[in-house]
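These are the residues of each chain, in order.
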Amino acid sequence: MKTLYVSDLDGTLLNSSQTTSEYTNNVINTLAEKGVLFSYATARSYSTARRAASGISAQIPLVVYNGTFVIDNLTGERLVSNFFQSDIKNVIQELIDGSVNPIIYSIIDDKEKFSYIEDKCNAGQRLFIDSRKGDSRDNAVENEINLLKGNIFYISCIYDEKHLLSFYDKYKNQFNCLYQKDIYDDMQWLEIMPLKATKANGIQTLKELLSCDRIVAFGDGLNDMDMFKIADECYAVSNAVDELKAIATGIIDSNNNDGVAKWLVENAEAFV
């Protein structure tokens, strides 16, 4: 029986320092050499995910931007892409009119960019931008016209809970929307993606590409709910939100105690 193991990154495979431990790296790399199929599904981009999990050499495709793209881990090629239709520009205008200055992710001239109006950034956005100094995707713009350039695939908003909740309620049935606090700085986020851009859909694509029979998933947050629902087994780390724990097959050790790696050591080789 061929099993696909898929883990979330932040709060699950990554520790509080936003990296993978040497123990986790050794476990996953050793299992991969024996034929275990391990990947991750993350809200991060391909570039930031690869940096955070640089110690892991497993090379099957990755699910990034919460399922917006499935990426070939060897070439960086986008195997699956989900983009918004042109009417997303009306949504972006509504956000701006509502005093929300969104960060817009798009493909511009075949290059991935995140764009924002520089002089409208709030403290939360500034923290995000400053944490990505030197990132080739960084694209500060002066006006709304330039904000809307390219093929748009992802929208991030960092603002107060009241404002963002109203937009979440408005758009949650039209798009894949995530309304949650960042686990590192407790800032409130609203992320908006095309409706088909989900971790579950990305993982199902991986399952088909790799001809797997079953899925085992690991996670900690609300954005892992959909992949838990399509997994044959799903395990929440002990630091996970209660909503995820409630639907999990079981609870494992925390992200800071190598919970995923410990579970894999005890269980994964049985399905090689």
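Residues numbered from 1 in each chain as written. Predicted model: local features only at pLDDT ≥ 70, side-chain atom pairs only at ≥ 80, totals over all residues. Heavy atoms only, no water.

## Notes on the layout of surface pockets
Roughly 1,000 Å³ of volume is contained in the largest pocket. In terms of lining, the largest pocket is formed by 39 residues, of which the most central are Asp10, Arg44, Arg132, Asp182 and Tyr184. Those elements giving two or more residues to the lining of the largest pocket turn out to be helix 3 (46-52), helix 5 (123-130), strand 9 (151-158), strand 10 (176-181) and strand 11 (188-193). Taken together, the residues of the lining of the largest pocket break down into 14 nonpolar, 11 polar and 14 charged. (1 Å grid on protein atoms, 1.4 Å probe; cavity = no way out; pocket = protein on both sides within 12 Å on 5 of 7 lines; lining within 4 Å. Points joined across faces, edges and corners; volume = space filled by probe spheres on them. Helix = DSSP H or I, 4+ residues; strand = E, 2+ residues; numbered from the N terminus. Nonpolar A, V, L, I, M, F, W, Y, C, P; charged D, E, K, R; others polar.)

## Notes on unusual backbone geometry
The backbone phi angle of Asp109 is positive, close to 50°, even though this residue is not glycine. As for its placement among the helices and strands, Asp109 is situated in the loop between strand 6 (103-108) and strand 7 (111-117). A residue is classified by how much of its surface remains accessible, and Asp109, at 72% relative accessible area, is exposed. The phi dihedral of Asp258 is positive, around 60°, even though this residue is not glycine. (Buried < 20%, exposed > 50% of the residue type's maximum accessible area, 1.4 Å probe, protein only.)

## Points about the sheet that holds strand 4 (residues 69-71)
Spatial strand order, 3-4-5: 3 strands in an open sheet with antiparallel pairing. Strands with a single pairing partner mark the edges of an open sheet, and in this sheet they are strand 3 (62-64) and strand 5 (78-81). With direction set aside, neighbouring strand axes in the sheet form an average angle of 20°. Where strand 4 lies against strand 5, 3 bridges are found, and the strand directions are antiparallel. (Pairing = 2+ DSSP bridges. Axes fitted to C-alpha atoms, helices over the stretch in contact; angles between N-to-C directions.)

## Thoughts on the state of the cysteines
Here is the idea: a disulfide is a covalent bond, and it sits between the sulfur atoms of two cysteines. According to the stated counting rule, one finds 0 disulfides in the structure shown. You can see Cys212 has no disulfide; the closest cysteine sulfur is in Cys234, sitting 17 Å from it. (Disulfide = S-S within 2.5 Å.)

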